[in-house]
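Summary of the model geometry
What follows is each chain in one-letter form.
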Amino acid sequence: MNRRGLCLVLAAPSGAGKSSVGRALLATDPSIALSVSATTRAPRPGEVDGVHYHFRSHAEFEAMIGRDELLEHAHVFGRRYGTPRAPVLAALEAGRDVLFDIDWQGHRQLRASLGDDVVGIFLLPPSVGELRRRLEARQQDVPAEIERRMQAARDEIVHWDEFGHVLVNRDFDSTVVAVRTILAAARLARARQPWLPGFVGALMRE
Ligand code: 5GP
């Protein structure tokens, strides 16, 4: 009863908590594959090449685009980010669902190329003040970078209505449950169960 995997896109302004939600999802459902993006930004402390991102030079990134190796790519905060195509298509063909931590531009491009295989969830912070607090608490970025991310957050939030599902991340555990529920419902969509006609046919012949 094999099925084609689906693409679960978790988008949010940075600081809304999407990385933690994504991690929780992956930790409890090992059948989900994470799409590891390529980027031209520098690694943050603790980030590992090939695990958190494929860290690439501008020239290497351009070469990947030239070879058509990216499923989508975009400029975010003046840096390049993109999704390597081959691992995603292989996982989907194998019936695995793939989680994407990408922005609205990536979601739009995935929808254009993969259509209903893409389930989009947009996470909103409970308030802009809370967003700033989370960015500052993370202590990963210098103040100028935090201001840049606050502006980028507003630029991301205006695209909330391009997503099929929207959650306000007031409470982490409830958000994780909601994301799991959306995934469970998407997996049960009739169109995602191509074996059903045969199964029902056999039921009727019993
Ligand atoms: P960060 O630099 O904080 O890791 O990511 C910055 C933003 O870029 C986040 O909103 C993240 O979701 C987005 N992003 C990460 N990888 C990709 C990608 O492959 N494609 C697109 N379009 N956005 C990405």
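Anyway, here's the lowdown on the structure attached to this text. Owing to the predicted nature of the structure, the values given are computational and were not obtained by experimental measurement. (Residues numbered from 1 in each chain as written. Predicted model: local features only at pLDDT ≥ 70, side-chain atom pairs only at ≥ 80, totals over all residues. Heavy atoms only, no water.)

Which parts of space are left empty comes out when a probe the size of a water molecule is rolled across the atoms. Approximately 1,300 Å³ is the volume attributed to the largest pocket. If you trace the largest pocket, you find 49 residues lining it, with Lys18, Ser19, Arg44, Tyr53 and Asp101 closest to the centre. When contributions to the lining of the largest pocket are tallied by element, the ones reaching two or more residues are helix H1 (18-28), strand E5 (70-76), strand E6 (79-84), strand E7 (98-100), helix H4 (104-114), helix H5 (128-138) and helix H6 (143-157). Of the residues in the lining of the largest pocket, the class split is 19 nonpolar, 16 polar and 14 charged. Size it by volume and the second largest pocket reaches roughly 240 Å³. Along the wall of the second largest pocket there are 14 residues; nearest its centre are Asp116, Val119, Ala186, Ala189 and Arg192. Contributions of two or more residues to the lining of the second largest pocket are made by strand E8 (118-124) and helix H7 (172-187). The dominant element in the lining of the second largest pocket, judged by the number of residues it contributes, is H7, at three residues. In terms of residue class, the lining of the second largest pocket is built from eight nonpolar, one polar and five charged. (1 Å grid on protein atoms, 1.4 Å probe; cavity = no way out; pocket = protein on both sides within 12 Å on 5 of 7 lines; lining within 4 Å. Points joined across faces, edges and corners; volume = space filled by probe spheres on them. Helix = DSSP H or I, 4+ residues; strand = E, 2+ residues; numbered from the N terminus. Nonpolar A, V, L, I, M, F, W, Y, C, P; charged D, E, K, R; others polar.)

Let us now look at the sheet that holds E6. Spatially, E4-E3-E6-E5 is the arrangement adopted by the four strands of the open sheet, whose pairing is mixed. Whereas interior strands pair on both sides, the edge strands pair on one side only; in this sheet they are strand E4 (54-55) and E5. Bridge count between strand E3 (residues 38-39) and E6: two bridges; the pairing is antiparallel. Bridge pairing links alanine 38 to glycine 82 in E6. Most of the contacts of helix H2 (residues 58-66) go to E6, to which it runs at about 40 degrees, and overall it touches E3, E5 and E6. In the packing of helix H3 (residues 85-93) onto the sheet, the strands contacted are E5 and E6, and the crossing angle to E6 comes to about 35 degrees. (Pairing = 2+ DSSP bridges. Contact = heavy atoms within 4.5 Å. Axes fitted to C-alpha atoms, helices over the stretch in contact; angles between N-to-C directions.)

Scanning all chains against the criterion turns up four aromatic pairs. Connected via pairs of aromatic rings, a cluster forms that spans Tyr53, Phe55 and Tyr81. (Phe/Tyr/Trp six-rings, centres within 6.5 Å; stacked < 30°, edge-to-face > 60°.)

Turning our eyes to something else, we now look at the site of the ligand. In the neighbourhood of the ligand, 17 residues make up the surrounding shell, with Lys18, Arg41, Tyr53, Glu72 and Tyr81 lying closest. Interatomic distance of 2.5 Å between a side-chain N/O atom of tyrosine 81 and an oxygen atom of the ligand. Within the backbone of glycine 106, a nitrogen or oxygen atom sits 3.5 Å from a nitrogen atom of the ligand. Considering the ligand on its own, with 510 Å² of exposed area, one finds that the protein chains cover 94% of that surface. Structurally, the ligand is housed in the largest pocket. Within the residue set of the shell around the ligand, elements represented by two or more residues are E5 and E6. (Near = heavy atom within 4 Å. Polar contact = N/O pair within 3.5 Å; in protein donor to acceptor, adjacent residues only side chain to side chain. Areas by Shrake-Rupley, 256 points an atom, 1.4 Å probe, with all protein chains shown as cover. Sits in = over half its atoms within 2 Å of the grid points.)

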